[in-house]
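Each chain is listed here by its residues.
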There are 2 protein chains.
Amino acid sequence: MTDERPAPAAAPGLRERKKRRTRDALLRAALLHFIAQGYEHTTVDEITDAVDVSQRTFFRYFANKEEVAFAVQDLVESHYVAALRARPPAEGPFEALRGAVLGAWDTLDEALSDVVPVDLYMRTYQLIESTPALLAVHLRRSTELEERIARLIAEREGLDVDADPRPRVAVAAFSGVMRVTGRLWAQDEDASVASIRRMTEACLDQIGPALAADWR
Amino acid sequence: MTDERPAPAAAPGLRERKKRRTRDALLRAALLHFIAQGYEHTTVDEITDAVDVSQRTFFRYFANKEEVAFAVQDLVESHYVAALRARPPAEGPFEALRGAVLGAWDTLDEALSDVVPVDLYMRTYQLIESTPALLAVHLRRSTELEERIARLIAEREGLDVDADPRPRVAVAAFSGVMRVTGRLWAQDEDASVASIRRMTEACLDQIGPALAADWR
DNA sequence: TGTGAAGTGTCAGTCGCTGTCACTAGCCTG
DNA sequence: CAGGCTAGTGACAGCGACTGACACTTCACA
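Just so it is clear, the structure is predicted and the values come from calculations on it, not from any experiment.

Draft legend 1. Examining the protein's contact with DNA strand D more closely. Every one of the 24 residues lining DNA strand D counts as a neighbour, but Lys18(A), Lys65(A), Arg15(B), Lys19(B) and Thr57(B) are closest to it. The share of sugar and phosphate among atoms of DNA strand D within 4 Å of the protein is 58%. In this structure, a base oxygen belonging to DNA strand D sits 2.9 Å away from a side-chain N or O atom of Arg15(A). Elements that contribute at least two residues to the surface near DNA strand D include exactly α1 (13-37) and α3 (55-61) of chain A together with α1 (13-37) and α3 (55-61) of chain B.

What follows is the structure in structure tokens.
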């Protein structure tokens, strides 16, 4: 219990390095297979054969087949939350949310490149959007992220999330629009970060007009 | 090919009646088992044993185990869409969406009672909200419903959904708030229709204030 | 250097789900 | 109303995701 971490990120030891290598290999092999032949048409055995480990080992690293598809998404989400945390406290909620999303797209490359090339992530994201089983999980995960963000926003504004519904409602409305963005982007041919950044901006600009009582 | 329907909803024949009875029995048995012992802890074999049919038969009526949990939800969604269709064209988009949701809760009883008691549906809804696997599917289904509704709203306003993003954005924001409502309701002890109606109204009333640039 | 534990492979088994095939029972026509 | 047609079903075999148990290897640390 005492002396938890002698050297925070120093030499992790052979065991740790080996583990990390196995996990990375499984992750990469899985994503490549998913993208090449589809999520449903990839068996766990195919992935483990490519890495030459047993199926059992796969399930020791990932709770289930879906989880491996979201491993990178996890990083992207943390990156976004960090960006939101870094927004100046003076900004209003929507201003902060918007700034964080756009800023996160701009800096995604640096945040990701040492794990997986950004391009691979973008194709994984498209895969998620276009695979029903993955999309379902993605949406559920998104609601969990929304809750985290709602708490963050509440904190920024000095409010109690459970007493005041505005943080959750605002984040829900904002995230709903973000989902539409993701969907439209996935349908588009242009799978670049620049493209999704552009669409994010366009959709967010519509939120004001869309909420007007009368559109005519 | 000619003479499609002699009597629109008259005597459906023994075969049809038998089919319907089997389906209903499977549905009811499944929901009761799910509620009593949880979705994951109910095997398909348990359901089919209770109805005394083979497992194969279950999968002829329902594409998968999840689908049976959403059979009633299907009815509720149609009911909601119908309510939206019935709103006077003069109403603005948000007015119509809001009126349809609240109206649908008020008339849910009549729309459902001849298939399943409303109470059973409410408990099923709670089950969905509290079972990760079901919640994921529910959210994906919700996006499909959102698309239908966005098209409906666009039609009402005489717009092209693919040219003007406002319908999708408005529906996304609205639905995001509805999801928060559902989640809060599921956490509450009071599982009544009255309760969810009340929370719906409360959350929707917050959408205006929540979207203000500054909350202080 | 030896001992404990972490990481892995193997194997057997459960559960969701599918294809196939034979059989039975409603239906429809002559 | 007999006889064929076909929709609905059961039985069975098989695949793929996932889990528990146990034995074996290999690193870590005293």
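Draft legend 2. View of the pattern of salt bridges. The full count for this structure, using the stated rule, is 28 salt bridges over all chains. For the salt bridge of Glu147(A) with Arg183(B), the shortest nitrogen-to-oxygen distance reads 2.8 Å. With one member in each of two chains, Glu147(A) in helix α9 (residues 132-157) and Arg183(B) in helix α10 (residues 166-187) form a pair that bridges those chains. The exposure class assigned to Glu147(A) is buried, which follows from its relative accessible area of 14%. Residue classification places Arg183(B) among the partly exposed positions, given a relative accessible area of 23%. The shortest N-O distance in the salt bridge between Asp164(B) and Arg166(B) comes to 2.9 Å. Taken together, the salt bridges that share partners define one network made up of Glu147(A), Arg151(A), Asp162(A), Arg168(A) and Arg183(B).

Draft legend 3. Looking closely at helix α6 (residues 93-106) of chain A. Taking 1.5 Å per residue, 14 residues should reach 20 Å; α6(A) reaches 20 Å between its end C-alpha atoms and fits that length. Burial in α6(A) covers these residues: Pro93(A), Phe94(A), Ala96(A), Leu97(A), Gly99(A), Ala100(A), Val101(A), Leu102(A), Ala104(A) and Trp105(A).

Draft legend 4. Quick look at empty space enclosed by the protein. Under the criterion given, the structure shown has two cavities of 30 Å³ or more. If you add up the space inside the largest cavity, you get close to 670 Å³. Taken together, 39 residues make up the lining of the largest cavity; nearest its centre are Tyr125(B), His138(B), Ser142(B), Met178(B) and Arg179(B). Per-element tally for the lining of the largest cavity: the top contributor is α10(B), with ten residues. Each residue belonging to the lining of the largest cavity can be placed in one class, and the counts come to 21 nonpolar, ten polar and eight charged. Space inside the second largest cavity adds up to approximately 60 Å³. Along its surface, the second largest cavity is lined by Leu139(A), Ser142(A), Thr143(A), Glu146(A), Arg179(A), Leu139(B), Ser142(B), Glu146(B) and Arg179(B). Looking at the lining of the second largest cavity, the elements that each hand over two or more residues are α9 of chain A together with α9 (132-157) of chain B. The leading source of residues in the lining of the second largest cavity is α9(A), at four residues. Partitioned by chemical class, the residues of the lining of the second largest cavity number two nonpolar, three polar and four charged.

Draft legend 5. Representation of the nonpolar core within the structure. Judged by nonpolar contacts, the single largest core of 124 residues is most densely connected at Phe34(A), Phe34(B) and Tyr121(B). Excluding residues that lie within four positions of it along the chain, Phe34(B) makes contacts with Tyr39(B), Thr42(B), Ile47(B), Lys65(B), Val68(B), Ala69(B) and Leu127(B).

Draft legend 6. The arrangement of the layout of surface pockets in detail. Quantified by volume, the largest pocket comes out at close to 860 Å³. Lining the largest pocket are 46 residues, and of these Tyr125(A), His138(A), Met178(A), Arg179(A) and Gly182(A) lie nearest its centre. Elements that contribute at least two residues to the lining of the largest pocket include exactly α5 (71-85), α6, α8 (118-130), α9, α10 (166-187) and α11 (193-205) of chain A together with α9 and α10 of chain B. Considering each element in turn, the lining of the largest pocket owes the most residues, twelve residues, to α10(A). The class makeup of the residues in the lining of the largest pocket is 23 nonpolar, 13 polar and ten charged. Size it by volume and the second largest pocket reaches roughly 290 Å³.

Draft legend 7. Fine view of the interface of chain B and chain A. Each partner contributes to the interface: chain B provides 41 residues, whereas chain A provides 42 residues. Summed over the three residues of chain B that lose the most area to chain A, namely Arg166(B), Val169(B) and Trp215(B), the buried surface amounts to 21% of that side. A salt bridge links Glu146(A) to Arg179(B); the shortest N-O distance between them is 3.0 Å. The tally of links between chain B and chain A comes to eight residue pairs in polar contact (both at pLDDT 80 or more). Mapped onto the side of chain B that touches chain A, the elements with two or more residues apiece are α6 (93-106), α9, α10 and α12 (207-210) of chain B. When grouped by side-chain class, the residues that make up the side of chain B that touches chain A number 27 nonpolar, four polar and ten charged.

Draft legend 8. Inspection of the packing of aromatic side chains at higher detail. Residue and element names in this part refer to chain B. For the structure on display, the rule yields twelve aromatic pairs over all chains. A centroid spacing of 5.4 Å and a plane angle of 25° characterise the contact between Tyr-125 and Trp-185, whose relative ring orientation is stacked. With Tyr-125 in helix α8 (residues 118-130) and Trp-185 in helix α10, this pair connects stretches of sequence that are 60 residues apart. According to the relative accessible area criterion, Tyr-125 is buried, its value standing at 9%. Among the residues examined, Trp-185 registers a relative accessible area of 0% and is labelled buried.

Draft legend 9. The arrangement of the UniProt feature "coiled-coil region" (unreviewed entry) in chain A in detail. Annotation from UniProt places "coiled-coil region" (unreviewed entry) at residues 135-162 of chain A. Segment residues 135-162 of chain A splits into 82% helix and 0% strand. End C-alpha atoms: 29 Å apart.

Draft legend 10. Looking closely at the protein's contact with DNA strand C. Close contacts around DNA strand C come from 23 residues, with Lys19(A), Thr57(A), Arg60(A), Arg56(B) and Lys65(B) the closest. Separating a phosphate oxygen of DNA strand C from a side-chain N or O atom of Lys19(A) is a distance of 2.7 Å. At 3.2 Å from a phosphate oxygen of DNA strand C is found a main-chain nitrogen or oxygen belonging to Val44(B). Secondary structure elements with two or more residues in the surface near DNA strand C: α1 and α3 of chain A together with α1 and α3 of chain B. Its residues assigned to classes, the surface near DNA strand C shows six nonpolar, eight polar and nine charged.

Rules behind the numbers
Within any chain, residue numbers begin from 1 and follow the written order of that chain's sequence. Chains carry letters and ligands carry numbers; both start at the beginning, A for chains and 1 for ligands, and go up in the order they are written. Totals for whole chains, interfaces and linings use all residues, but because this is a predicted model, local features are given only for residues with pLDDT of at least 70 and pairs of side-chain atoms are given and counted only at 80 or more. Side-chain calculation: all heavy atoms of the structure are included, whereas hydrogens and water are not. We define proximity as follows: a residue is near a molecule or strand when any one of its heavy atoms falls within 4 Å of that partner. A 3.5 Å cut-off defines polar contacts: any pair of N or O atoms within that distance qualifies, except that in protein one atom must be a possible hydrogen donor and the other a possible acceptor, and neighbouring residues in sequence count only when both atoms are side-chain atoms. For helices the rule is a DSSP run of H or I covering at least 4 residues; for strands it is a run of E covering at least 2, with both sets numbered from the N terminus onward. Salt bridge, as used here, is a side-chain nitrogen of Lys or Arg placed within 4 Å of a carboxyl oxygen of Asp or Glu. Throughout, exposure labels follow a simple rule: accessible area from a 1.4 Å probe, protein chains only, divided by the maximum for the residue type, with under 20% read as buried, over 50% as exposed, and the rest as partly exposed. Helix span is expected to be 1.5 Å times the residue number reduced by one. Cavities and pockets are found on a 1 Å grid laid over the protein atoms alone: a cavity is a set of points where a 1.4 Å probe fits but cannot escape, a pocket is an open set with protein on both sides within 12 Å along at least five of seven lines, and a lining residue has an atom within 4 Å of such a point. Grid points are joined across faces, edges and corners, and a volume is the space filled by probe spheres set on the points. Only Asp, Glu, Lys and Arg are considered charged, only Ala, Val, Leu, Ile, Met, Phe, Trp, Tyr, Cys and Pro nonpolar, and every remaining residue, Gly among them, polar. Each nonpolar core is a collection of buried residues, namely Ala, Val, Leu, Ile, Met, Phe, Trp, Tyr and Cys, held together in the definition by side-chain atoms within 4.5 Å. Should any heavy atoms of two residues lie within 4.5 Å, those residues are counted as being in contact. Computed with a 1.4 Å rolling probe, the buried area is the accessible surface lost when two parts are put together, summed over both parts. Stacked, tilted and edge-to-face are the three classes applied to pairs of Phe, Tyr and Trp rings, where Trp contributes its six-membered ring and a pair requires centres within 6.5 Å; stacked means planes under 30 degrees apart, edge-to-face means over 60, and tilted covers the rest. UniProt positions are given in the numbering used here, feature names are shortened, and annotations may be inferred rather than shown by experiment.

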